[in-house]
Structure formats: C-alpha cells, structure tokens
Amino acid sequence: MPKNVIKKPSISAAAARAMIAAATAKAGEMGFAVTVAVVDESGVLKAYERMDGAVHVSVQLAQDKAFTAIGFGLSTDGWYDFIKEDGPLAMGAPAGIDRLVTFGGGYPVKVDDVVVGGIGVSGGHYTQDMEVAQAGLKALS
C-alpha cells in the first residue's frame with residue numbers, strides 16, 4: 001500500500017444490522033418504540049431503523065447521538081460529564097459543535113480500542129435509550 005494511503009477499520013453492514021436487531025428487540029421488550037442509527041468510523045450512516053410509533057424527533061436525534069459518539073470515541077452521556085464543570089465549554093460546545101448531543105443514548109463501537117462506528121438510540125427517556133443502545137453493543141460481543 002502506498003505511503004499516502006491509510007486503512008481505516010470500519011463496522012461491517014452485517015454487524016450494524018445485528019446491532020439494530022438487538023436494540024429494537026430490547027426496546028420492544030421494554031415496551032416502547034425507538035429509532036436506532038449505526039454509523040461507520042467517519043459518522044456516515046451504515047444502518048438505520050425507525051420502529052413503528054417512534055416519535056419523529058428521534059429520527060435525527062438517533063443519528064446525531066451516533067455521530068457524537070464517534071467524534072471523540074466518547075459516549076453521549078460521557079460528554080455531559082466532560083463539560084458539566086467547565087462553564088465556557090458547557091456553554092460553547094453544544095452551541096458551537098454541530099450535531100453534538102450531551103445526554104445518553106449514543107456510544108462508540110470499538111474493536112481493540114479503535115473506533116469502528118457508533119450507535120445512537122432515541123425514542124425514550126435518555127436512560128432508556130442508553131439501555132437499548134447497550135443491548136445493541138452486546139450483539140457484537
């Protein structure tokens with residue numbers, strides 16, 4: 001491979017679909033409808049599902065949670081912990097970084113500590129979204 005080209009590990013379509021299936025199954029068990037988005041390492045949508053009855057705002061929010069998670073390899077709830085004690089950062093980051101979500105429901109997907117994608121869930125309270133997203137992550141274990 002030429003020196004000016006790099007290889008980037010990325011989540012496969014099959015893995016992304018497995019995550020979606022596990023996440024939507026968990027949401028169904030919990031009794032509510034969600035939207036689940038899985039993005040690749042660059043934040044590009046890889047797989048997506050909006051369950052019947054999922055609220056409209058969840059469409060963009062799930063994608064933004066997944067995008068946020070790959071940005072720094074940090075969960076969306078981790079972002080809140082990162083900025084909450086820093087006034088300028090807490091005010092500036094959400095206002096100045098497009099698509100940044102600072103509450104739960106988005107996680108990076110890592111293989112050997114390398115971010116290969118992200119999952120975002122929206123449709124319930126953020127604590128429920130976190131539980132559903134974690135079920136999606138477990139599909140890869």
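Details of the structure are given in the entry above.
Not measured: the values here are computed from a predicted model.

Remarks on the overall build of the protein chain
For step 1, the next point in the chain: When you go through the protein chain residue by residue, the secondary structure sums to five helices and four strands.
For step 2, the next point in the chain: Taken from the N to the C terminus, the helices and strands of the protein chain come in the order α-β-β-α-α-α-β-β-α.
For step 3, the next point in the chain: In terms of overall dimensions, the protein chain is globule-like: its C-alpha atoms have a radius of gyration of 15 Å, near the 14 Å expected for 141 residues.
For step 4, the next point in the chain: Taking the principal axes of the C-alpha coordinates as reference, the protein chain spans close to 50 × 40 × 25 Å.
For step 5, the next point in the chain: With 141 residues in all, the protein chain has 43% of them scored as buried.
For step 6, the next point in the chain: At a minimum sequence separation of 6, the contacts of the protein chain that also span at least 24 residues come to 64%.
For step 7, the next point in the chain: A total of about 7500 Å² of accessible surface is found on the protein chain, and carbon and sulfur atoms cover 56% of it.
For step 8, the next point in the chain: Distance between charge centroids for the protein chain: 7 Å, based on 12 positive and 15 negative side chains.

Some remarks on the environment of valine 36
For step 1, the next point in the chain: With respect to the helices, strands and loops of the structure, valine 36 is situated in strand β1 (residues 35–40).
For step 2, the next point in the chain: Judged by its relative accessible area of 0%, valine 36 falls in the buried class.
For step 3, the next point in the chain: Sequence-wise, valine 36 and glycine 123 are 87 residues apart; in three dimensions their C-alpha atoms are separated by 8.9 Å.
For step 4, the next point in the chain: Aside from chain neighbours lying at most four places away, what touches valine 36 is Ile20, Ala23, Thr24, Ala47, Tyr48, Glu49, Ala62, Ile119, Gly120 and Val121.

A few points about the packing of aromatic side chains
For step 1, the next point in the chain: Applying the stated criterion across every chain yields a total of three aromatic pairs.
For step 2, the next point in the chain: Their ring planes at 90° and their centres at 5.8 Å tell us that tryptophan 79 and phenylalanine 82 sit as a pair that is edge-to-face. Taken together, the residues span about one helical turn, with tryptophan 79 and phenylalanine 82 both in helix α3 (residues 76–83) at a distance of three residues.
For step 3, the next point in the chain: Residue classification places tryptophan 79 among the buried residues on the basis of a relative accessible area of 4%.
For step 4, the next point in the chain: Among the residues examined, phenylalanine 82 registers a relative accessible area of 52% and is labelled exposed.
For step 5, the next point in the chain: Here the aromatic cluster, defined as three or more aromatic residues joined through ring pairs, consists of Phe72, Trp79 and Phe82.

A word on the pairing of strand β3 (residues 106–111)
For step 1, the next point in the chain: Relative to strand β4 (residues 114–122), β3 is paired through six bridges, and the arrangement is antiparallel. In the strand pairing of β4, valine 111 is matched with valine 114.
For step 2, the next point in the chain: In this structure, the hairpin formed by β3 and β4 is closed by a connection of two residues, where aspartate 112 is found at a positive phi of approximately 55°.

Observations concerning the pattern of salt bridges
Pairing is possible between side chains that carry opposite charge, provided their charged atoms lie close to one another.
For step 1, the next point in the chain: Using the criterion set out here, one finds five salt bridges in the structure.
For step 2, the next point in the chain: Close ionic contact of lysine 26 with glutamate 131 constitutes a salt bridge, the shortest N to O distance being 3.5 Å. Here glutamate 131 lies in helix α5 (residues 126–138) and lysine 26 lies in helix α1 (residues 13–30), a separation of 105 residues in the sequence.
For step 3, the next point in the chain: When its relative accessible area of 24% is taken as the criterion, lysine 26 is described as partly exposed.
For step 4, the next point in the chain: Assessed through its relative accessible area of 36%, glutamate 131 is described here as partly exposed.
For step 5, the next point in the chain: Across the salt bridge formed by lysine 84 and aspartate 81, the nearest N and O atoms sit 3.6 Å from each other.
For step 6, the next point in the chain: Classification of lysine 84 as partly exposed rests on a relative accessible area of 40%.

Cut-offs applied
Residues numbered from 1 in each chain as written. Predicted model: local features only at pLDDT ≥ 70, side-chain atom pairs only at ≥ 80, totals over all residues. Heavy atoms only, no water. Helix = DSSP H or I, 4+ residues; strand = E, 2+ residues; numbered from the N terminus. Rg over C-alpha atoms; globule rule 2.2 N^0.38 Å. Buried < 20%, exposed > 50% of the residue type's maximum accessible area, 1.4 Å probe, protein only. Contact = heavy atoms within 4.5 Å. Areas by Shrake-Rupley, 256 points an atom, 1.4 Å probe, with all protein chains shown as cover. Lys, Arg positive; Asp, Glu negative; His and termini not counted. Charge placed at Lys NZ, Arg CZ, Asp CG, Glu CD. Phe/Tyr/Trp six-rings, centres within 6.5 Å; stacked < 30°, edge-to-face > 60°. Pairing = 2+ DSSP bridges. Salt bridge = Lys/Arg side-chain N within 4 Å of Asp/Glu carboxyl O.

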